[in-house]
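Here is what each chain is made of, one letter per residue.
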Amino acid sequence: MSIGKVWVLAEADGDEVASAALELLTKAREIGDTVEAVYVGSSADAVAGVLGEHGATTVYAVDPGDSLSGAVGAAALEKLIGEHSPDLVMFDQSYDGRDAIAGLSARIDRTVLTNSADIRIDGDQVRATTAIFGGTQIVETAFEGEAPYLAAFRPKSFVAEPSGGAAAAVVAVDGVDAGRAGEAKVLDRHVEEAEGPKLEEAEVVVSGGRGLGEAEHYALVETLAKLLKGAPGASRAIVDAGWVPYSHQVGQTGKTVKPKVYIALGISGATQHLVGMKGADNIIAVNKDAEAPIFSVSDLGIVGDVHKVVPKLIEALEARA
Amino acid sequence: MNVVVCVKQIPDPAAPGALDSDNTLTREGKLILDESDSFGVEMALQLVDTAGEGEVTLVSMAPNNEVSGLRTALAMGAAKAVLISDEALAGTDALGTAKVLAKAVERVGDADLVLTSTESTDGYTGTIPTQIGQLLDWPALTFAKHIEVGDGKVTIQRQTEAGYDTVEAPLPAVASVTAGVVEPRYPSFKGIMAAKNKPVDEVTVADLGLDGQVGWSGAHQAITAVEAAPEREAGEKIEDEGDAHENIVSFLDELKVI
Ligand SMILES: Cc1cc2nc3c(=O)[nH]c(=O)nc-3n(C[C@H](O)[C@H](O)[C@H](O)COP(=O)(O)OP(=O)(O)OC[C@H]3O[C@@H](n4cnc5c(N)ncnc54)[C@H](O)[C@@H]3O)c2cc1C
Ligand SMILES: Nc1ncnc2c1ncn2[C@@H]1O[C@H](COP(=O)(O)O)[C@@H](O)[C@H]1O
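About the cut-offs
- Residues numbered from 1 in each chain as written.
- Chains lettered and ligands numbered in written order.
- Predicted model: local features only at pLDDT ≥ 70, side-chain atom pairs only at ≥ 80, totals over all residues.
- Heavy atoms only, no water.
- Pairing = 2+ DSSP bridges.
- Helix = DSSP H or I, 4+ residues; strand = E, 2+ residues; numbered from the N terminus.
- Axes fitted to C-alpha atoms, helices over the stretch in contact; angles between N-to-C directions.
- Contact = heavy atoms within 4.5 Å.
- Near = heavy atom within 4 Å.
- Nonpolar A, V, L, I, M, F, W, Y, C, P; charged D, E, K, R; others polar.
- Phe/Tyr/Trp six-rings, centres within 6.5 Å; stacked < 30°, edge-to-face > 60°.
- Polar contact = N/O pair within 3.5 Å; in protein donor to acceptor, adjacent residues only side chain to side chain.
- Areas by Shrake-Rupley, 256 points an atom, 1.4 Å probe, with all protein chains shown as cover.

The parallel open sheet is built from 6 strands, whose spatial order is β13(A)-β12(A)-β14(A)-β15(A)-β16(A)-β13(B). Whereas interior strands pair on both sides, the edge strands pair on one side only; in this sheet they are β13 (231-234) of chain A together with β13 (236-239) of chain B. Strand after strand, the sheet turns through a mean of 15° between neighbouring axes, direction not considered. Against the sheet, helix α5 (residues 218-227) of chain A touches β12 (204-208), β13 and β14 (261-265) of chain A, its axis set at about 145° to β13(A).

Here the focus is the site of ligand 2. Residue and element names in this part refer to chain B. Near ligand 2 lie 18 residues; those nearest to it are Asp37, Met61, Ser117, Ser120 and Gly126. Looking at the shell around ligand 2, the elements with two or more residues in it are β4 (56-61), α3 (94-108) and β6 (113-117). With 3 residues, the single largest contributor to the shell around ligand 2 is β4. A per-class count over the shell around ligand 2 returns 7 nonpolar, 8 polar and 3 charged.

Turning next to the packing of aromatic side chains. Scanning the entire structure with this criterion turns up 5 aromatic pairs over all chains. Taken together, a centroid distance of 6.3 Å and an interplanar angle of 20° make the contact between A:Tyr95 and A:Tyr246 stacked. Here the residue A:Tyr95 occupies a position in helix α4 (residues 95-108), and A:Tyr246 occupies one in the loop between α6 (236-240) and β14, the gap between them amounting to 151 residues. For the pair A:Phe143 and A:Tyr149, a centre-to-centre distance of 4.7 Å together with 10° between the ring planes defines the contact as stacked. The rings of A:Tyr95, A:Tyr246 and B:Phe143 are connected pair by pair, giving a single aromatic cluster.

Residues and elements named next belong to chain A. Neighbouring ligand 1 are 26 residues, the closest being Arg210, Ser235, Thr253, Ser268 and Gln272. In the environment of ligand 1, an oxygen atom lies 2.9 Å from a nitrogen or oxygen atom belonging to the side chain of Gln249. Contact with the protein chains covers 82% of the free accessible surface of ligand 1, which is 990 Å². Broken down by secondary-structure element, the contributors of at least two residues to the shell around ligand 1 are α6, α7 (271-277) and α8 (306-320). Of the residues belonging to the shell around ligand 1, the class tally is 5 nonpolar, 16 polar and 5 charged.

And the structure:
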């Protein structure tokens with residue numbers, strides 16, 4: 001089953017397109033007869049190739065300047081929707097994606113479905129699914145009323161696959177006035193540099209939680225991650241406690257990771273943490289509480305003290321290196 | 001400087017969630033202040049304190065004229081509250097909620113800044129702050145982990161995936177705050193006693209002029225199915241006897257990551 005025209009709001013990631021846009025385009029190809037992208041960023045010509053390769057025939061491009069990307073994206077979409085009438089607009093459940101879907105919904109008076117994990121066409125209905133109660137239940141919701149329908153998807157809900165399409169035709173969108181929403185200006189950007197692979201892309205993720213006891217012990221997580229050429233992650237408990245920056249957080253309000261191996265050290269496995277890592281191919285957990293919920297999703301669970309198990313593990317791996 | 005804080009009153013998150021027969025979240029029993037909103041309340045109190053004048057007003061949309069969570073926030077130091085409670089609100093979606101809250105902000109009048117949390121603990125749609133901003137035609141500065149107000153402007157550190165951005169806008173504006181923004185105070189005994197006599201303006205959908213625009217009819221979405229998610233099978237569980245690290249090494253070996 002398919003619908004007419006599906007749009008993907010593609011966000012910029014520096015001079016590239018954010019990887020989530022390619023995931024969404026891959027899904028859009030499956031459900032839409034026509035797939036187009038709306039790109040908010042300054043280098044549309046540079047990304048037209050990769051957007052086309054993933055199925056977009058046209059990319060409408062708007063430059064946010066120093067305004068918030070989501071605010072400009074919403075205003076541009078309002079204008080473009082008036083001209084081209086898409087049936088569905090797909091957004092990434094990221095910070096800017098959330099701003100864009102929210103602003104647009106108020107501008108054109110449409111409901112939103114956020115935190116979606118999948119979408120399908122059933123007859124004349126468009127239905128999105130979302131996991132609730134920490135991913136234990138799946139709710140399917142149908143849009144009603146007039147199109148376009150607006151849905152935001154958690155990262156990694158779909159696997160990006162190129163379709164081999166030609167570069168998308170770039171249509172520059174000028175004269176977008178975001179009104180007062182556009183008065184929020186970005187004065188400067190602070191990037192916390194991290195070594196090694198990105199958390200969302202790493203093959204191995206080693207995360208630590210409150211069970212590490214104190215901030216200094218997070219070094220165990222970093223050392224192990226480095227030995228395994230992976231990325232260090234964290235539960236929200238230790239992010240809120242200020243042990244590590246927010247960019248490390250895995251879970252509902254943090255990053256979604258799907259590595260080959262996820263190693264949870266001193267993490268209880270609260271539902272909000274699980275939704276961010278349950279999709280890992282393999283899960284290893286070390287926790288001294290045999291009843292910790294993390295063990296219900298782990299392939300290898302070690303009931304033990306992180307301070308005993310992890311130093312020995314590090315030693316054994318160093319010996320092999 | 002007057003700050004309005006949106007506070008949601010939710011079922012105790014420690015209790016397992018459930019759905020009612022109409023597939024809305026079960027909200028029976030006493031509701032409490034969403035902890036996420038205690039950060040906004042604290043931030044607002046500090047901003048008013050720094051400005052040296054003005055007050056903090058709460059707005060909340062909740063079933064059954066619930067005030068328990070509002071009393072907690074009033075006990076922290078907010079001056080007054082607007083409570084929107086009406087049977088016509090059952091089934092309201094995020095945009096409808098934002099319409100109600102935006103109208104309530106207008107009813108309060110005179111606000112320089114509206115604070116919300118980045119997402120509620122029970123619903124976590126996460127769109128309401130920006131929707132309120134757009135409905136009021138005010139800029140929305142989302143994901144603030146630090147806020148300063150001065151010279152008719154609000155400046156925030158906006159959390160990003162990579163670090164943070166400094167974002168500024170002229171007032172009036174909406175800002176959503178993360179759990180890192182400030183450390184909420186515990187209400188004092190004096191505060192709790194004082195809260196009992198603070199005014200709560202109880203209003204209906206009609207009072208806000210939103211008849212027919214909210215509730216089920218305004219939601220434009222319908223739940224079609226609720227299913228148990230496929231469970232991930234638990235694997236091996238081993239008690240550490242001093243050599244459990246070897247099990248991890250062989251597992252990693254099998255997976256060819258070392
Ligand atoms: C709206 C909302 C959103 C949230 N979003 C997120 C999110 O994105 N990500 C997230 O992670 N959380 C999130 N949370 C928080 C979540 O509910 C939990 O509070 C958090 O995940 C707990 O972190 P933790 O496992 O490190 O700490 P705890 O729950 O305190 O667990 C510590 C664990 O360490 C074990 N332990 C203690 N000492 C040792 C030792 N020496 N050796 C081995 N094990 C030990 C204990 O047995 C325990 O299981 C959210 C909550 C809310 C309300
Ligand atoms: N019913 C409500 N009453 C008051 N504030 C609310 C309500 N619903 C949402 N909010 C505010 O909007 C934020 C985001 O909510 P949500 O979009 O539902 O995740 C919440 O944390 C509150 O600050």
